[in-house]
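A closer look at the structure
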Amino acid sequence: MDTVLRSAAIYFFLLVLFRIAGQRTLSELSNFDLVLLLIVSEATQNALIGDDFSVVNGMTAILTLVLIDLALAYAKKRVPRVEKLVEGTPVIVVAHGKLLRDSLDSTHVTVDDILQSAREKQGLENMAQIKYAVLEPAGGISIVPMDSKPG
């Protein structure tokens, strides 16, 4: 039972931690992010199983994490508010070529992030060509070009 409680506590701790850290935290990993992820995973593994390195204890931890994830997926499907709480909502960071500073500050998105996404996804060169840039819940940035027409 100790493993189940440890696993549940760590799962929810990480869920809250990454939710607070923001949507950009998990979308594109830099070298620093990768190193941090490796360290976090090692610390998580230690916290999950403690001193019991048995196969059964490891399986119990994995089963607990998967069951919690399935329960959250079910809850997100049934209760839209749970999905917003767990996944977040899209955030507009550029509107009609103008940066929305409050949104940038709260989401940790940089101008370089927006321009990189604009170049990669739409071939745009500058902020004036962007009608909307939206930070999606999964961490990616969607770009709507200034001249886009409903089709």
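Above this text you will find the structure in question.
These figures come from a predicted structure and were not determined experimentally. (Residues numbered from 1 in each chain as written. Predicted model: local features only at pLDDT ≥ 70, side-chain atom pairs only at ≥ 80, totals over all residues. Heavy atoms only, no water.)

1. A word on the pairing of strand 1 (residues 91–95)
Two strands pair when backbone bridges link them, and strand 1 and strand 3 (residues 130–135) are joined in this way by 4 bridges, in the antiparallel orientation. Residue pairing for strand 3: Val94 is matched across the bridge by Ala133. By the bridge criterion, 2 bridges tie strand 1 to strand 2 (residues 98–99) in an arrangement that is antiparallel. When the bridges of strand 2 are listed, Ala95 appears paired with Lys98. With antiparallel pairing between neighbouring strands as the criterion, strand 1 and strand 2 make up a hairpin whose turn holds 2 residues, including His96 at a positive phi of roughly 55°. (Pairing = 2+ DSSP bridges. Helix = DSSP H or I, 4+ residues; strand = E, 2+ residues; numbered from the N terminus.)

2. Some thoughts on the sheet that holds strand 3
By way of backbone hydrogen bonds, the strands of a sheet pair with one another, either parallel or antiparallel. Taken in spatial order, the 4 strands make up an open sheet running 2-1-3-4, and their pairing is antiparallel. At either margin of the open sheet sits one strand with a lone partner, and together these are strand 2 and strand 4 (141–145). Contacting strand 1, strand 2, strand 3 and strand 4, helix 6 (residues 111–122) runs over the sheet at an angle of about 65° to strand 4. (Contact = heavy atoms within 4.5 Å. Axes fitted to C-alpha atoms, helices over the stretch in contact; angles between N-to-C directions.)

3. Regarding unusual backbone geometry
Trans peptide bonds make up the majority, and among non-glycine residues the majority have a negative phi. At His96, a position not held by glycine, the phi torsion is positive, near 55°. With respect to the helices and strands, the residue His96 is situated in the loop between strand 1 and strand 2. Non-glycine residue His108 carries a positive phi angle of around 65°. Tracing the backbone through its elements, the reader meets His108 in the loop between helix 5 (101–107) and helix 6.

4. Considerations on the pattern of salt bridges
One pass over the full model with this rule turns up 2 salt bridges. One salt bridge connects Asp2 with Arg6, and the closest N-O pair in it is separated by 3.0 Å. Residue Asp2 and its partner Arg6 are both found in helix 1 (residues 2–21); the two are separated by 4 residues, about one turn of the helix. For Arg6, a relative accessible area of 31% translates into the label partly exposed. A salt bridge links Glu87 to Lys76; its shortest N-O distance comes to 2.4 Å. Of this pair, Glu87 sits in helix 4 (residues 80–87) while Lys76 sits in helix 3 (residues 55–78), and the two are 11 residues apart along the sequence. By relative accessible area, which is 31% here, Glu87 ends up partly exposed. (Salt bridge = Lys/Arg side-chain N within 4 Å of Asp/Glu carboxyl O. Buried < 20%, exposed > 50% of the residue type's maximum accessible area, 1.4 Å probe, protein only.)

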